[in-house]
Amino acid sequence: MLSIYLTKKVIILDLCKDLTVFLTGQFGGGFNFFSFSLRSSKNRYNYTTFANANNKIRPTMTKIALITGITGQDGAYLADYLINKGYIVHGLKRRSSLFNTERIDHLYQDPQESNRRLILHYGDMTDSLNLTRIIGETQPDEIYNLAAMSHVQVSFETPEYTADANGIGTLRILEAVRLLGLTKKTRIYQASTSELYGLVQEIPQKETTPFYPRSPYAVAKMYAYWITVNYREAYGMHASNGILFNHESPLRGETFVTRKVTRGVAKIALGLQSALFMGNLSAQRDWGHAKDYVKAMHLILQQDKPDNYVIATGVTSTIRDFIRMAFSEIGVSIEFRGKGVDEKGVISSIDEKIFNAAVGEKHFIDLKKRIGEQVISIDPKYFRPTEVDLLVGDSTKAKTKLGWKPEYDLPALVKDMMQSDVKLMKKELYLKEGGF
Ligand code: NAP
Ligand code: G4F
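What counts, and where the lines are drawn
Residues numbered from 1 in each chain as written. Chains lettered and ligands numbered in written order. Predicted model: local features only at pLDDT ≥ 70, side-chain atom pairs only at ≥ 80, totals over all residues. Pairing = 2+ DSSP bridges. Helix = DSSP H or I, 4+ residues; strand = E, 2+ residues; numbered from the N terminus. Axes fitted to C-alpha atoms, helices over the stretch in contact; angles between N-to-C directions. Contact = placed C-beta atoms within 7 Å. Parallel < 35°, antiparallel > 145°, perpendicular 65-115°, else oblique. Left-handed = near helix turned anticlockwise from the far one by under 90°.

Here the focus is the sheet that holds strand β7 (residues 64–68). Within the open sheet, the 7 strands sit side by side as β9-β8-β7-β10-β11-β12-β17. Their pairing is parallel. Two strands close off the open sheet at either side, each with one partner strand: β9 (118–122) and β17 (308–311). For this sheet the average axis-to-axis angle between neighbouring strands, irrespective of direction, equals 20°. Two strands pair when backbone bridges link them, and strand β10 (residues 142–145) and strand β11 (residues 187–193) are joined in this way by 4 bridges, in the parallel orientation. Within β11, the residue paired with Ile143 across the bridge is Ile188. Packing against the sheet, helix α2 (residues 128–138) makes contact with β7, β8 (88–93) and β9, and its axis sits at approximately 160° to β7. The sheet strands contacting helix α7 (residues 290–301) are β10, β11, β12 (239–244) and β17, and the helix crosses β12 at an angle near 155°.

Here it is in structure tokens:
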């Protein structure tokens, strides 16, 4: 039976028991759209037309994406990127005792709002029933499986959980898509990693380089990589691996080495911390910007055929180099002396002009007094039982087939992170000085 509901922004036509039509529109300001969405008990189709002030109609199908790990660094950048492309984004979020949505708060819309572009669901990679229900309810065109226990060192302390969430978690997503009959509709991106190369068998590493994982994290991700390939081959699923090399940003988790350094350097500059304790300074990483890397994830799912792609900058640097670059952003030169656990980083000079512009005059005098002092020490507790010494990727395939090209190089990445952390730590100092 046909029934019609009128709300402020939406007309809902219940055509019969399990078929509903939603009509929504927005007019004015030179930008109008009309959106049509048809939902049956099994499927949902969306159709949106946009008209600009000149009334040129540009029809688009609204795609639906599901992002696991939406509260993480990549999840936040990807959600932003897809929403700006017109997607409706569903995100899987773990229940925690705090909100833990800081990275996506700017995208958040209350459940009471109509026409939401971001919808969060409670869930966990270790819970098959929950994952299956969410995929069934959201009927995504694209799933980006980014959720993982992503810290390599922590995986040595939580190996079983890491295997479950990172390895079997990926199987749960693939199997849910298969059991729900979505193999032809839903494309899957698996967040694979350069950690798979571990004890590297070739320099630089590309799609054909053999894997040699060196941590419970990497071994779990190796299962996830191959189960993705297997479901692609066995069931014809559009399931792809992005083998991403390290990518960082102002949103990077605080315990990964780059963010630990940029936060620490900013705190040292402002007198909030006296020194930084680090692990292996000689490890080399190929660091890119997360903003560039989420674009690659999206491109991978837009290809006609699923595949595996290395995403990297092709430039590798030591942790020591990264520390020098971070200090140099605020005009501070660091000299490294000694070897192994006795290695130390000492302030050798400060460029007053650069420091004042980057941090502020009032902090210069105090830091100047520290010239010749040690600000970097080694703590063996940060050494890993098995280390990945060198990573550098060759992303020729992604560049030629996907047309992917990063905008940020390492200096631009360090600048972005340092500017952001100096600002953040100034806020912290302000609160501390205010007695909070
Ligand atoms: P991240 O910041 O640590 O984010 C990980 C996300 O996964 C968070 O949203 C986290 O939720 C969620 N998560 C963890 N365990 C979960 C579980 N059991 N159930 C549901 N959600 C869970 O990591 P990232 O840097 O954005 O990386 C994204 C993905 O790419 C990860 O799979 C990582 O292993 C992989 N990767 C990263 C890099 C890199 O350099 N960043 C390179 C290659 C591959 P909470 O917020 O609740 O903790
Ligand atoms: O920043 P990290 O912890 O990243 P790692 O281990 O390379 O893993 C990251 O990148 C992978 C891609 O290759 C992702 F799959 C993974 O999810 C994660 O995002 O450590 C980088 C290097 C290591 O060699 C480590 O030993 O930095 C060295 N390091 C030296 N001192 C340190 C420290 N790492 C950390 N976290 N903390 C230190 O104090």
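Packing of helix α8 (residues 319–329) against helix α12 (residues 410–433) brings their axes to within 9 Å, and their N-to-C directions diverge by 55°. When the interaxial angle is binned, α8 and α12 end up oblique. Here α8 and α12 pass one another in a crossing that is right-handed. In contact with Met325, Ala326 and Glu329 of α8, α12 contributes Pro411, Val414, Lys415 and Met418.

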